[in-house]
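Structural description and commentary
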Amino acid sequence: LFSQQQKMGTSGEGSELHFFLFPFMAHGHMIPTLDMAKLFATKGAKSTILTTPLNSNLFEKPIKSFNNENPKLQDISIQILSFPCTELGLPRGCENTDFIFSSPDLGRGNLNQKFLLAMTYFKEQLEQLIETVKPDCLVANMFFPWASKVAEKFGVPSLVFHGTGYFSLCASHCLRLHKPYKKAASSCEPFVIPDLPGNIVIIEEQVIEKEEESVMGKFMKEIRDSETNSFGVLVNSFYELEPAYSDFFKSFVAKRAWDIGPLSLGNREFKEKAERGKKASIDEHECLKWLDSKRCDSVIYLSFGTMSSFNDEQLIEIAAGLEMSGHDFVWVVNKNCSQGEKEEWLPEGLEERTKGKGLIIRGWAPQVLILDHQAIGAFLTHCGWNSLLEGVASGLPMVTWPVGAEQFYNEKLVTQVLKTGVSVGVKKMIQVVGDFISREKVEKAVREVMVGEERRKRAKELAVMAKDAVKEGGSSDIELDRLMEELKLVKLQNEKEQGS
Ligand code: UDP
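Residues numbered from 1 in each chain as written. Predicted model: local features only at pLDDT ≥ 70, side-chain atom pairs only at ≥ 80, totals over all residues.

**Here's the deal with the sheet that holds strand S15 (residues 421-423)**
Threshold: The pairing criterion for strands is at least two bridges between them, as found by DSSP. Labels follow the DSSP assignment, with helices taken as runs of H or I lasting at least four residues and strands as runs of E lasting at least two, numbered in each case from the N terminus. Note on geometry: axes are C-alpha line fits, over the in-contact stretch for helices, and angles between N-to-C directions span 0 to 180 degrees.
One open sheet accounts for six strands, arranged S12-S11-S10-S13-S14-S15; its pairing is parallel. Each edge of the open sheet is held by one strand with a lone partner, namely strand S12 (358-362) and S15. Ignoring which end each strand starts from, the neighbouring axes of this sheet average 15 degrees apart. In this structure, strand S10 (residues 299-303) lies alongside strand S11 (residues 328-333), joined through four bridges in parallel fashion. Bridging across to S11, Val 299 finds its partner in Asp 328.

What follows is the structure, given as structure tokens:
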């Protein structure tokens, strides 16, 4: 097959691929999807991103910049889908998980579930679009498990994009299969995940596969089944980061997968990095100027992603722990603060006392710009896969503070496999809020991560591997070429069949 594909590479050169990219409406899924569209463009493919009206506003600016700056590449375009929130029982404007997580009064857990289940509304629109446009491939987010069947109906190969890495996909597979937590004496007793390479230790409190009979459990089963119905799985990772898990996944879980990351590394220019996600709540130049005044590897960056929201008590502990550590910091607090409103979460006088030493960003930070700055010496992260991989690509040791979802699995990759991280010590996931962590624990973890030279050395080596993976001829680049060639082959076969 491979030699056939290689031949196709030359004979099928004129036949550019057209991808439909269909991201789940959350920043952690939309951001890597746009990165993917850009990557596909560099390989001569055209991409159309399917999304709702409000979300299209988030894509418009970076897409316009990309198309303008790359006139020789295929354009990226947007196809707007309707999503009548109120008809679907959702609050008006609830088109993105951001809406749910920034409205604490709405009952996040329930609304989040309702939002996820409302995704089936897109089915009919997707069918019509695929039938009329006939793309060459559909990349559908895992939360649209029915999409692979829709694509199949029209002979279009579909790829599933989970947004997370191999390690957590494999851990999840092994936990589902063996249910080792059932044998644990208590929910806090550590056990080894059976079959998973590396003797990975976890506790039941951190396992998300337990409730198979719940509405969400059933939905997750549909997601897994969609992997086997589809052409394969696209993974934002690179082989050298998690080789044992990449191999395991391809042998025992989904059979076909392509590692094409880190996707964030496709953003090379200042503007591209600055325009990732939402508009930053700080002037990017000011922020970098502040970092320019700092020594190399001397500042810790803290962010908990887009969906975690701590209560005031926890934020106060973080602030106090940071101050006690004595290290310089950039701390992103995912809160909208109105002018003049008293910020109960900020210890009295902290900003004055840490003036020049600490920078608090209220809202959205230009994360990859910051992480790439040489002054940043460590990353305290909630272990969302995008953040984690961005931290890896920037060569940073990490303090791990998982909050929910598969973040506890990602933490184990950092602390037990890569050995580039220090755990802050969260044991338990409580929906979106998480365990309470004292200021002493924050201080200890920050101090430890900033001095660990071995950890830093390993982290820097991984960053070199990450950059090499996406260079021409690197592992991710080769994987992507292979995928493109396979899809061209399918396209050609489809065209032949239609012609005959
Ligand atoms: N992000 C950012 N600025 C912020 C918060 C998040 O640029 O202030 C980006 C971050 O770089 C990452 C994504 O948003 O690409 C968050 O995805 P992740 O998987 O880390 O976490 P999630 O928010 O999905 O839990």
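On we go.
**Focus: the packing of helix H8 (residues 166-178) against helix H17 (residues 407-418)**
Condition: Each angle is binned into one of four classes, with values under 35 degrees roughly parallel, values over 145 roughly antiparallel, values of 65 to 115 roughly perpendicular, and all other values oblique. For any helix crossing, the convention is left-handed if the near helix is rotated counterclockwise from the far helix by under a right angle, and right-handed if that rotation is clockwise. The contact criterion used is a C-beta to C-beta distance within 7 Å, with each C-beta placed from the backbone.
Contact pair H8 / H17: the axes reach a minimum separation of 8 Å and the direction vectors enclose 110 degrees. By the angle between their axes, H8 is roughly perpendicular relative to H17. When the axes of H8 and H17 are compared, the crossing they make is right-handed. Counted together, Phe 167, Ser 168, Ala 171 and Ser 172 of H8 and Tyr 409, Asn 410, Leu 413 and Val 417 of H17 form the full contact between these two elements.

**Looking at the environment of Ala 147**
Relative to the helices and strands, Ala 147 is located in helix H7 (residues 147-153). Remark: the alpha-carbon pair of Ala 147 and Asn 229, spanning 82 residues in sequence, is separated by 10.0 Å.

**Topic: helix H3 (residues 53-69)**
What counts is decided by this rule: By definition here, a helix of n residues has an expected span of 1.5 Å times n minus one. Partly exposed residues are those falling between the two cut-offs: more than 12 but fewer than 20 other C-beta atoms within 10 Å of their own, whereas 20 or more means buried and 12 or fewer means exposed, with C-beta atoms placed from the backbone.
Between the first and last C-alpha of H3 there are 24 Å, a value that for 17 residues agrees with the 24 Å anticipated at 1.5 Å per step. Listing the buried residues of H3 in full gives Asn 55, Leu 58, Pro 62, Ile 63 and Phe 66.

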